[in-house]
Amino acid sequence: LAIGAVSENGKLFIQRTIAQAMGAGQEYVQAETARQMAEIEARRTRYRSVLAKVPLQGRTAILVDDGVATGATMRASVWAASAEGAAQTVVAVPVGAPDAIDMLQHEADEVVCLLVPPYLYAIGQFFLDFQQVDDQEVMNILRAHSRRRTTEDAGQRT
């Protein structure tokens, strides 16, 4: 259960009511924020060694996730994309909790959600296979995309 999220630029979003209900005090939030920022930095270094970040200034940012339960992570993503100058933010998810989708409709320019069940226990209940994507798989995808972009760029120059 996410009590909050932190964006790449360090902006912190905490759902105070959930944090309080879970007994997550200020000390925990500070320690977890530091841990998450370290993980973000490690992944940023790893991923961007393969493929540079695409500037969002003036572009439409389509933010995709496997679903939203609390909406904390997606809300932080919307804020981060907006802070980077995205002209429009679009949230695209297959499933979402009613409260989270309602909140995101006030945050993003557009929200596309295929299923908003009245009761959402967990995102995984809507998938036959809900395994996490590990860093190695992400790196393989980024490498394949980088190779494809290089090939496309070479074709445009000829």
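Procedures and definitions
Residues numbered from 1 in each chain as written. Predicted model: local features only at pLDDT ≥ 70, side-chain atom pairs only at ≥ 80, totals over all residues. Heavy atoms only, no water. Salt bridge = Lys/Arg side-chain N within 4 Å of Asp/Glu carboxyl O. Helix = DSSP H or I, 4+ residues; strand = E, 2+ residues; numbered from the N terminus. Buried < 20%, exposed > 50% of the residue type's maximum accessible area, 1.4 Å probe, protein only. Pairing = 2+ DSSP bridges. Right-handed = clockwise from strand over helix to strand, strands pointing away. Axes fitted to C-alpha atoms, helices over the stretch in contact; angles between N-to-C directions. Contact = heavy atoms within 4.5 Å. Expected span 1.5 Å × (residues − 1). Parallel < 35°, antiparallel > 145°, perpendicular 65-115°, else oblique. Nonpolar A, V, L, I, M, F, W, Y, C, P; charged D, E, K, R; others polar.

J.: Report on the pattern of salt bridges, specifying residues and quantitative values.
T.: Following the criterion strictly, the structure yields eight salt bridges and no others. Among the ionic pairs, Arg43 bridges to Asp135, the shortest N-O distance being 3.4 Å. Here the residue Arg43 occupies a position in helix H2 (residues 26–48), and Asp135 occupies one in helix H5 (residues 135–157), the gap between them amounting to 92 residues. Here Arg75 and Glu107 are joined by a salt bridge, their closest N and O atoms 2.7 Å apart. Taken as a pair, Arg75 in helix H3 (residues 72–83) and Glu107 in helix H4 (residues 98–107) lie far apart in primary sequence, 32 residues in all. Judged by its relative accessible area of 25%, Glu107 falls in the partly exposed class. Residues joined by salt bridges that share partners form a network here, namely Glu39, Arg43, Arg46 and Asp135.

J.: Tell me about the pairing of strand E3 (residues 60–64), residues and numbers included.
T.: Residues Ala61 and Leu63 point to one face of E3 and are all buried, whereas Thr60, Ile62 and Val64, pointing to the other face, are not buried. The sheet contact formed by E3 and strand E4 (residues 88–95) spans five bridges and is parallel. The residue of E4 that forms the bridge with Ile62 is Val90. Read as a crossover between parallel neighbours, the route from E3 over H3 to E4 is right-handed.

J.: I'd like a description of the pairing of E4, backed by residues and values.
T.: Pairing of E4 with strand E5 (residues 110–115), which is carried by five bridges, proceeds in the parallel orientation. Bridged to Val90 within E5 is Glu110. Where the polypeptide runs from E4 across H4 and back to E5, its parallel neighbour, the crossover connection is right-handed.

J.: I'd love a proper account of the sheet that holds E5, names of residues and values included.
T.: The strand order across the open sheet built from three strands is E3-E4-E5, with neighbouring strands paired in parallel fashion. Taken across any chain shown, the strands that pair with only one partner, and hence form the sheet edges, are E3 and E5. Across the sheet, the axes of successive neighbouring strands diverge by a mean angle of 15°, strand direction being ignored. Strands E4 and E5 of the sheet are contacted by H4, whose axis makes an angle of about 160° with E5.

J.: Report on H2, specifying residues and quantitative values.
T.: Counting along an α-helix, one turn takes 3.6 residues, and residues three or four places apart therefore face a common direction. Taking 1.5 Å per residue, 23 residues should reach 33 Å; H2 reaches 32 Å between its end C-alpha atoms and fits that length. Among all positions in H2, only Val29, Thr33 and Tyr47 are buried.

J.: Please give an account of H3 that cites residues and values.
T.: Here H3 is 12 residues long and its end C-alpha atoms lie 16 Å apart, about the 16 Å a rise of 1.5 Å per residue gives. Along its buried surface, H3 packs onto strand E1 (4–6), strand E2 (12–14), E3, E4 and H4.

J.: Any chance you could break down the packing of H3 against H4 for me, citing the residues and the numbers?
T.: Axis separation between H3 and H4 bottoms out at 10 Å; the angle between their running directions is 5°. Between H3 and H4, the angle falls in the class roughly parallel. Contact with H3, carried on its side by Met74, Arg75, Val78 and Trp79, involves Met103, Leu104 and Glu107 of H4 and no other residues of that element. Of the residues contributing to the contact of H3 with H4, the split by class is five nonpolar, no polar and two charged.

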